[in-house]
Amino acid sequence: MAIQISPSILSADFAHLADEAAAVPTADWLHVDVMDGHFVPNLTLGLPVVESLARAAATPLDCHLMIEDPDRWAPAYAEAGAGSVTIHAKAAGAPVRTLREIRRRGARAGLALNPAEPVDPYADLLGEMDMLLLMTVEPGFGGQKFLDLVLPKIRRARELMDERGAAVWLQVDGGVSDETIERAAEAGADVFVAGSAVYGAQDPAGAVDSLRAQAERVSKLA
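Residues numbered from 1 in each chain as written. Predicted model: local features only at pLDDT ≥ 70, side-chain atom pairs only at ≥ 80, totals over all residues. Heavy atoms only, no water.

(A) Fine view of the overall build of the chain. For the chain, the helix and strand inventory stands at eight helices and eight strands. Here the C-alpha radius of gyration of the chain, 16 Å, is about what a compact globule of 222 residues would show, namely 17 Å. Expressed as lengths along the three principal axes of its C-alpha atoms, the size of the chain is roughly 40 × 40 × 30 Å. The buried share among the 222 residues of the chain stands at 56%. When contacts within the chain are restricted to residue pairs at least 6 apart in sequence, long-range pairs at least 24 apart make up 63% of them. Carbon and sulfur atoms make up 49% of the accessible area of the chain, which totals about 9,300 Å². (Helix = DSSP H or I, 4+ residues; strand = E, 2+ residues; numbered from the N terminus. Rg over C-alpha atoms; globule rule 2.2 N^0.38 Å. Buried < 20%, exposed > 50% of the residue type's maximum accessible area, 1.4 Å probe, protein only. Contact = heavy atoms within 4.5 Å. Areas by Shrake-Rupley, 256 points an atom, 1.4 Å probe, with all protein chains shown as cover.)

What follows is the structure, encoded as structure tokens:
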């Protein structure tokens, strides 16, 4: 599995999102944090912005829905042009149905777990998803410190995927930087969301390439 970098536009300039998307041409995805002010305390953007950005950006959108009632809203993000749509297990009432609906509309389907949520209860759902997202901070705000307590869960998730032969991407989101990405890659993650580490850098494109090189250097998957 190839290492993938997904810069988070939560750390970008919202007044120039198309330009910010173009500033990271070697990124695999653009990570779009959709927050509703209910499931998490912050409020960001929604369907109209995603639809516009999908038309303007050459890089596919990786939409992370931190919202209530994702069963209702997630399929619409796939229809709006997102290449990947991730819902939170904690918020979904019918996760299997919703993951299948996302796929049916042509997007990759992801399931997200907060730092305190164990991965084993969701092992039987691996066949229903294309990506498992393990939050390495509490969801809701950018710029938080990476939580090393999630590293054993990353290792456990990779074990479960290997045991079941599941071709599922393992994404980490929160506090990913040049100081933390190697720990996450060593543990088994292969998709990395990085916000301030990319958009806070003088050269965002160079930051993407540097993070990828660091992860590839230590990953057992690459």
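Okay, back to it.
(B) The arrangement of the nonpolar core in detail. Counting residues in each nonpolar core, the largest one holds 66 residues, and the members touching the most others are Leu 132, Ile 154 and Phe 192. Per-element tally for this core: the top contributor is helix H5 (residues 151-164), with five residues. Apart from the residues within four sequence positions on either side, Phe 192 is in contact with Ile 3, Gln 4, Ile 5, Ser 6, Val 172, Val 176, Ile 181, Ala 184, Ala 185 and Ala 215. (Core = buried A, V, L, I, M, F, W, Y, C linked by side-chain atoms within 4.5 Å.)

(C) Main features of the pairing of strand E5 (residues 108-113). When you tally the buried positions in E5, you get five out of six residues, the bulk of the element. For strand E4 (residues 84-88) and E5, the ladder comprises five bridges, and the chain directions are parallel. Opposite Thr 86, over in E5, you have Gly 110 as the bridge partner. Assessed by its sense of winding, the connection that carries the chain from E4 through helix H4 (residues 95-104) to E5 is right-handed. With four bridges joining them, E5 and strand E6 (residues 131-135) adopt parallel strand pairing. Each bridged residue has a counterpart across the sheet, and for Leu 111 the counterpart in E6 is Leu 132. (Pairing = 2+ DSSP bridges. Right-handed = clockwise from strand over helix to strand, strands pointing away.)

(D) Focus on H4. Buried within H4 are the following residues: Pro 95, Thr 98, Leu 99 and Ile 102. Along H4, the residues classed as buried sweep out an arc of 100° about the axis, all on the same side. Turned more than 90 degrees away from the buried face of H4, the exposed residues are Arg 97 and Arg 104. Structurally, H4 contributes buried residues whose contacts are with helix H3 (70-79), E4 and E5. (Arc of directions from axis to C-beta.)

(E) The arrangement of the side chain of Lys 153 in detail. Checked against the element boundaries, Lys 153 lands in helix H5. We note that Lys 153 is buried and unpaired, the nearest opposite charge coming from Glu 117 at a distance of 6.3 Å. Each residue touching Lys 153, except ones within four places of it in the same chain, is listed here: Leu 113, Asn 114, Pro 115, Ala 116, Glu 117, Pro 118, Val 119 and Leu 134. (Lys, Arg positive; Asp, Glu negative; His and termini not counted. Salt bridge = Lys/Arg side-chain N within 4 Å of Asp/Glu carboxyl O.)

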